[in-house]
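So you can see what is in the structure, the chains are spelled out below.
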Amino acid sequence: MRETLVYIGLGSNEGDRRAQLDRAVVRLGGVPGVRVLRASTWHENAFVGDGPPQGAFLNGVAELRTTLPPHALLGVLKAIEAEAGRSLPAPRHHPRPLDLDLLLYGDATIDTRDLRVPHPRWHERAFVIEPLRELGLAIDALPRWPRPPAIEVAAGFAALCSTWHAGGAVVGLVPTMGALHAGHTSLLHRARSECDRVAATIFVNPLQFGPGEDFAAYPRDLARDLQLCADAGVDAVFTPAVAAMYEPDFCSHVGVGAAAEGMEGGLRPGHFAGVATVVARLLALARPQRAYFGEKDAQQLAVIRRLVRDLGFPTAVVPCPIVREPDGLAMSSRNVYLDAADRSASTVLFRALSSARHAFARGERDREALVQRVRAVVATEPRAALDYVELRREIDLQPLPPGPVDGGRLLVAARFLGGARPVRLLDNLSLTDPAQP
Ligand code: PAF
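Numbering of residues starts from 1 in each chain and follows the order in which that chain's sequence is written. Residues qualify for local features only when their pLDDT is at least 70, as the model is predicted, and side-chain atom pairs are given and counted only at 80 or more; totals for whole chains, interfaces and linings, by contrast, use all residues. Only hydrogens and water are set aside; all other atoms, that is, all heavy atoms of the structure, feed into the side-chain values.

K.L.:
I keep staring at the packing of aromatic side chains and nothing clicks. Help me out?
P.N.:
In this description, a pair of aromatic rings is defined by centroid distance and the angle of the planes. Ring pairs shown here join Phe, Tyr and Trp side chains whose ring centres sit within 6.5 Å, with only the six-membered ring taken for Trp; geometry is labelled stacked below 30 degrees between planes, edge-to-face above 60, and tilted in between. What the rule picks out here adds up to six aromatic pairs. Judged by centre distance (6.4 Å) and plane angle (25°), the rings of Phe-47 and Phe-57 are stacked. Residue Phe-47 is located in the loop between β3 (43-45) and β4 (57-66), and its partner Phe-57 is located in strand β4; the two are separated by ten residues in the primary sequence. Like Phe-57, Phe-47 is buried. Here the aromatic rings of Phe-209 and Phe-215 are separated by 5.4 Å at their centres, their planes lie at 65°, and the arrangement is edge-to-face. Three exposure classes are used, based on accessible area relative to the maximum for each residue type with a 1.4 Å probe and protein chains only: buried under 20%, partly exposed in between, and exposed over 50%. Overall, the relative accessible area of 11% leaves Phe-209 in the buried class. For Phe-215, a relative accessible area of 26% corresponds to the partly exposed category. Starting at the N terminus, helices and strands are each numbered in turn, a helix being any DSSP run of H or I of at least four residues and a strand any DSSP run of E of at least two.

K.L.:
How should the environment of Arg-27 be read in this particular structure?
P.N.:
Considering the arrangement of structural elements, one finds Arg-27 in helix α1 (residues 17-29). Looking at Arg-27, the relative accessible area reads 32%, which means it is partly exposed. A sequence separation of 239 residues divides Arg-27 from Gly-266, and the C-alpha atoms of the two residues are 67 Å apart. Note on contacts: a residue pair is in contact if any heavy atoms of the two residues lie within 4.5 Å. Arg-27 has contacts with Ile-80 and Glu-83, leaving out every residue within four places of it along the chain.

K.L.:
How do you make sense of the site of the ligand when you look at a structure like this?
P.N.:
As a structural note, the neighbourhood of the ligand is formed by Pro-175, Thr-176, Met-177, Asn-205, Gln-208, Val-278 and Gln-300. Pairs of N or O atoms are called polar contacts if they sit within 3.5 Å, as long as, within protein, a hydrogen donor faces a hydrogen acceptor (for residues adjacent in sequence, only side-chain-to-side-chain pairs). Interatomic distance of 2.6 Å between a side-chain N/O atom of Gln-208 and an oxygen atom of the ligand. Split into classes, the residues belonging to the shell around the ligand amount to three nonpolar, four polar and no charged. Near residues are defined by distance, with any heavy atom within 4 Å of the molecule or strand qualifying the residue. Residues are grouped as follows: nonpolar covers Ala, Val, Leu, Ile, Met, Phe, Trp, Tyr, Cys and Pro; charged covers Asp, Glu, Lys and Arg; every other residue, Gly included, is treated as polar.

K.L.:
What exactly am I supposed to notice about the pattern of salt bridges here?
P.N.:
As a working rule, side chains carrying opposite charge can pair if their charged atoms are close by. Throughout this description, the term salt bridge denotes a Lys or Arg side-chain nitrogen within 4 Å of a carboxyl oxygen of Asp or Glu. Considering all chains together, one arrives at 32 salt bridges under this definition. Of the charged contacts in the structure, one is a salt bridge between Arg-86 and Asp-99, with a shortest N-O distance of 2.8 Å. Here Arg-86, found in the loop between α2 (70-83) and β5 (99-105), pairs with Asp-99, found in strand β5; they are 13 residues apart in sequence, far enough to count as distant. Put simply, Asp-235 and Arg-192 hold a salt bridge, and the shortest N to O gap is 2.9 Å. Of the two residues, Asp-235 sits in the loop between α6 (222-231) and β11 (236-238) while Arg-192 sits in helix α5 (residues 182-194), which places them 43 residues apart along the sequence. Arg-192 carries the same exposure label as Asp-235, and that label is buried. Bridged by salt links that share partners, the residues Lys-78, Glu-81, Arg-86, Arg-96 and Asp-99 form one connected network.

K.L.:
Is there a simple way to think about the sheet that holds β11 in this case?
P.N.:
Whenever strands of a sheet pair, they do so through backbone hydrogen bonds, lying parallel or antiparallel. Whether two strands pair depends on DSSP finding at least two bridges between them. Sheet architecture is open: six strands sit in the order β8-β11-β10-β9-β12-β13, paired in parallel fashion. Only two strands of the sheet have a single neighbouring strand rather than two, namely β8 (150-151) and β13 (316-320). Between N-to-C directions, angles cover 0 to 180 degrees, with each direction set by a line fitted to C-alpha atoms, over the stretch in contact for helices. Against the sheet, helix α4 (residues 154-166) contacts β8, β9 (171-176), β10 (197-202) and β11, and its axis sits at roughly 165° relative to β10.

So far we have only geometry, and geometry alone does not tell us how the molecule works.
Written out as structure tokens, the structure reads:
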């Protein structure tokens, strides 16, 4: 029977690491249909990742020839991991006595729920590259997982997501308008860590821009965005043109109710109907089990939660915390519009929200006093023109009941007028969420 050349990544950071790796190579060699040709030495590597603090890994690579088909070989690897005491299903990023990854199987590309070959990230991992180099392999000549396809046709995007669903995958959707920043990449990473397949969408949605707003000037950099998606391990990026998203005779729109009243909804009539329409369309195409949205656009998040509930999309809306610059400014694609003076003035929003949050922590329970504190701090910055400050109920952002407040979310919006164009910035802060700064 024909043999295929295969590379396996080995790692261990629990128990007697060296003995476990040595034993795994011997076990592999004893499997019918597997011949171990050679293995690298074991390399010490600090743990990098999101899991709990844990000890360093020993890693290496084994080169085999096998007549086993890829999934049969995967079954062997899982069985050897289990023999070494690894509990399955193993929690992600936790210490483990043995980790065996099928890195390369000849030059095959395999994309099933439980197996992707070439391993999508092998070429980013020093703990794989170094042992492969040690075996004398030319790293750049080895097969890599293909870059995520940029799909422009709605039916093609829906079809790809359908194949993922048919394979039993948990599909995560990250809708964006591009001009990606660290806030977006935090959504991509979260989706990557929670889903089998991740689709990002990049579409500057004309329906959510009013007359005179910045639709035409909205920052666009597709090449950079695609690279960031690839770096975050995204599986496909949907990048439709307007005509691909909305056929010329498109005429169905989603209406939005109380969640879209006031604040952004009051200042930008039609904005949330546009957001709801595009999000409904994306959810209908991808049918994701999970969809990721940033808390920076808190009212948008409330509108989308309502939309998903009211229309019965089988999707969990996953809110992701605001990512801030070191000086507190909430990341936003529109921050690039700020000139230097407005950029430095813009920190006033977070300072204002934090001041009210500190007052709440010290016992202030009067709603007007908390809101007034935000206003007063914003007023110290002459470059900022305040649009609104609101203190609303958490999650759905509905008005708080009368009386002393026991929590809630402060929301603020202001225009910065110094640069070539006015820049509207939004921010918000929970009074009670311990995860907030
Ligand atoms: O938050 C955004 O980037 C957009 O409003 C969204 C949700 C992608 C809809 O166009």
